[in-house]
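Architecture at a glance
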Amino acid sequence: TAKPGNPPQQSQSRIKGAESFLRNVLASMEAVYLNRNPSAKAILELVRSVDNDKICYDHLAFRTFGTDGHGIDSLANFFLDFGYTRQEELSFPAKKLKAFWFSPPPNSDAAYDGDGVHGPLPRVFISELLVDLMSPQTQDIIRKYTGSSHKGKKHAALASALGSLTWEKPSHSEFVQLARESEYAAWSLVNGYAVNHVTISTHRLKSHLRNIKNLNEFIEENGYKLNSEGGVLKVSPDGLLLQSSTLADSVYFEFSDGITTTVPCSYIEFAERLVLPQFKHLPETEVKEQHRRDGFEVGNADKIFESTSKQQHTGKA
Ligand code: OOG
Ligand code: NI
């Protein structure tokens, strides 16, 4: 349904305006993330420092409470308004989570060959806790805080870009109650809509770090711990989506009852997408992102969720 009276140039420039706003919002979300997570920031700089490379983000990820409009949709609406398309659902019954991923608007990258949020627009991964499946005690705590945010759920993207919770700070004992039942729930209560992680697209690097195994070695040689849940390298059943991640940075958090402890904040992920079998014949210089494995993988994601779990920080490794 074409709109008469809107010449192509005019709608083009409207799209450009919207896209630059979208990128500014992503940049604010990223700034919050870089300020709070020194390891993630240092790793981005380290990867850039090898052969003076540029970073492309494969995706940004967010967590939400799936109750009364505070779930995936609360944040997805912003991305949908700016041209993203909802893709497959992923389901994690044991963790009582579900997720959707969103693909960026097509053909919007021609004028943007910069670094990070000024490069190709990232995919977006948004998950939600299935709050109805939690214990009554945990549900009460979650609803107490989501309820206290009034219409905050309509402004999830703004909250993320500002690095502000839309609800009041919880007490330490409420945080502990949630952490006992769901690490994800506890994380979300104190981090809200903040970026959970950014993901470096390794195959779009120029240096030898484009091979994710080299990148993993490089990260560990530089003294950072990788999430070893189910093995450091997560591989999809088709062998084409390879992922790894660091363990989340910790930040001091002052609870409403005056207790201050460290809580897990965000981590950084790495993803290598291999060329699909039907494009194997293409010369390397002609391979574009659309010729590579797209989407996400439940088996990989299930392990990556553990990157914020305290057990990994203190236990084995
Ligand atoms: C998301 C974990 C899953 C991926 O790329 O599959 C994920 C999270 O920790 O919230 O990032
Ligand atoms: Ni991810």
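Owing to the predicted nature of the structure, the values given are computational and were not obtained by experimental measurement.

With that settled, consider the packing of aromatic side chains. Applying the stated criterion to the full structure yields 15 aromatic pairs. Relative to Tyr84, the ring of Phe79 has its centre 5.3 Å away and its plane inclined at 75°; by these criteria the two rings are edge-to-face. Look at Phe175 and Phe255: their rings are 5.3 Å apart centre to centre, the planes differ by 50°, and that puts the pair in the tilted class. In this pair, Phe175 is assigned in helix H6 (residues 172-181) and Phe255 in the loop between strand S8 (250-254) and strand S9 (260-264), connecting sequence segments 80 residues apart. In this structure, Phe175 and Phe255 share a single accessibility class: buried. Here the aromatic cluster, defined as three or more aromatic residues joined through ring pairs, consists of Phe21, Phe62, Phe78, Phe79, Phe82 and Tyr84. The ring of Phe100 carries the charged tip of Arg86 above its face, separated from the ring centre by 4.0 Å.

Turning next to the coordination of the nickel ion (ligand 2). Binding of the nickel ion (ligand 2) to the protein goes through His59 (NE2), His197 (NE2) and Glu269 (OE), at separations of 1.9 to 2.2 Å. Coordination of the nickel ion (ligand 2) draws on donor residues from a single chain, spaced H-x137-H-x71-E in sequence. With a gap of 138 residues between them, His59 in strand S1 (residues 57-66) and His197 in strand S5 (residues 197-201) connect regions that are remote in the sequence. The pair His59 / His197 is uniform in exposure class, with both members buried.

By volume, the second largest pocket is sized at about 510 Å³. Taken together, 25 residues form the lining of the second largest pocket, with Ala179, Ser182, Glu183, Tyr184 and Ser309 sitting closest to its centre. Looking at the lining of the second largest pocket, the elements that each hand over two or more residues are H6, helix H7 (183-191), S9 and helix H10 (310-314). Element by element, the count of residues in the lining of the second largest pocket is highest for H6, at six residues. When the residues that make up the lining of the second largest pocket are grouped by side-chain class, the tally is eleven nonpolar, six polar and eight charged.

Counted under the stated rule, the structure contains 17 salt bridges. A salt bridge links Arg48 to Asp115; the shortest N-O distance between them is 2.5 Å. Of this pair, Arg48 sits in helix H2 (residues 38-49) while Asp115 sits in the loop between strand S3 (97-103) and strand S4 (123-130), and the two are 67 residues apart along the sequence. Residue Arg48 is classed as buried on the basis of its relative accessible area of 19%. When salt bridges that share partners are traced, they join Asp58, Arg123, Arg204, Arg273, Glu289 and Asp294 into one network.

This paragraph deals with the site of ligand 1. In the vicinity of ligand 1, the contacting residues are His59, Arg63, Phe125, Asn196, His197, Gln243, Tyr267, Glu269, Phe296, Ala301, Ile304 and Phe305. One of the side-chain N or O atoms of Asn196 is found 3.3 Å from an oxygen atom in ligand 1. A molecule is said to occupy a pocket when more than half its atoms come within 2 Å of that pocket's grid points, and by this definition ligand 1 occupies the largest cavity. Of all the secondary structure elements, the ones that give two or more residues to the shell around ligand 1 are S1, strand S10 (267-273) and helix H9 (298-304). Of the residues that constitute the shell around ligand 1, the class distribution is six nonpolar, four polar and two charged.

Time to look at the packing of helix H4 (residues 136-148) against H6. The geometry of H4 relative to H6 is characterised by a closest axis approach of 10 Å and an angle of 125° between their N-to-C directions. When the axes of H4 and H6 are compared, the pair comes out oblique. Judged by the sense of rotation from one axis to the other, the crossing of H4 with H6 is left-handed. Contacts between H4 and H6 involve Gln137, Thr138, Ile141, Ile142, Lys144 and Tyr145 from the first element and Glu174, Gln177, Leu178 and Glu181 from the second. The residue makeup of the contact of H4 with H6, split by class, is four nonpolar, three polar and three charged.

Definitions and limits used
- Residues numbered from 1 in each chain as written.
- Chains lettered and ligands numbered in written order.
- Predicted model: local features only at pLDDT ≥ 70, side-chain atom pairs only at ≥ 80, totals over all residues.
- Heavy atoms only, no water.
- Phe/Tyr/Trp six-rings, centres within 6.5 Å; stacked < 30°, edge-to-face > 60°.
- Helix = DSSP H or I, 4+ residues; strand = E, 2+ residues; numbered from the N terminus.
- Buried < 20%, exposed > 50% of the residue type's maximum accessible area, 1.4 Å probe, protein only.
- Lys NZ or Arg CZ within 6 Å of the ring centre and 35° of its normal.
- Donors = N, O, S within 2.8 Å, 3.2 Å for Na, K, Ca; no water.
- 1 Å grid on protein atoms, 1.4 Å probe; cavity = no way out; pocket = protein on both sides within 12 Å on 5 of 7 lines; lining within 4 Å.
- Points joined across faces, edges and corners; volume = space filled by probe spheres on them.
- Nonpolar A, V, L, I, M, F, W, Y, C, P; charged D, E, K, R; others polar.
- Salt bridge = Lys/Arg side-chain N within 4 Å of Asp/Glu carboxyl O.
- Near = heavy atom within 4 Å.
- Polar contact = N/O pair within 3.5 Å; in protein donor to acceptor, adjacent residues only side chain to side chain.
- Sits in = over half its atoms within 2 Å of the grid points.
- Axes fitted to C-alpha atoms, helices over the stretch in contact; angles between N-to-C directions.
- Parallel < 35°, antiparallel > 145°, perpendicular 65-115°, else oblique.
- Left-handed = near helix turned anticlockwise from the far one by under 90°.
- Contact = heavy atoms within 4.5 Å.

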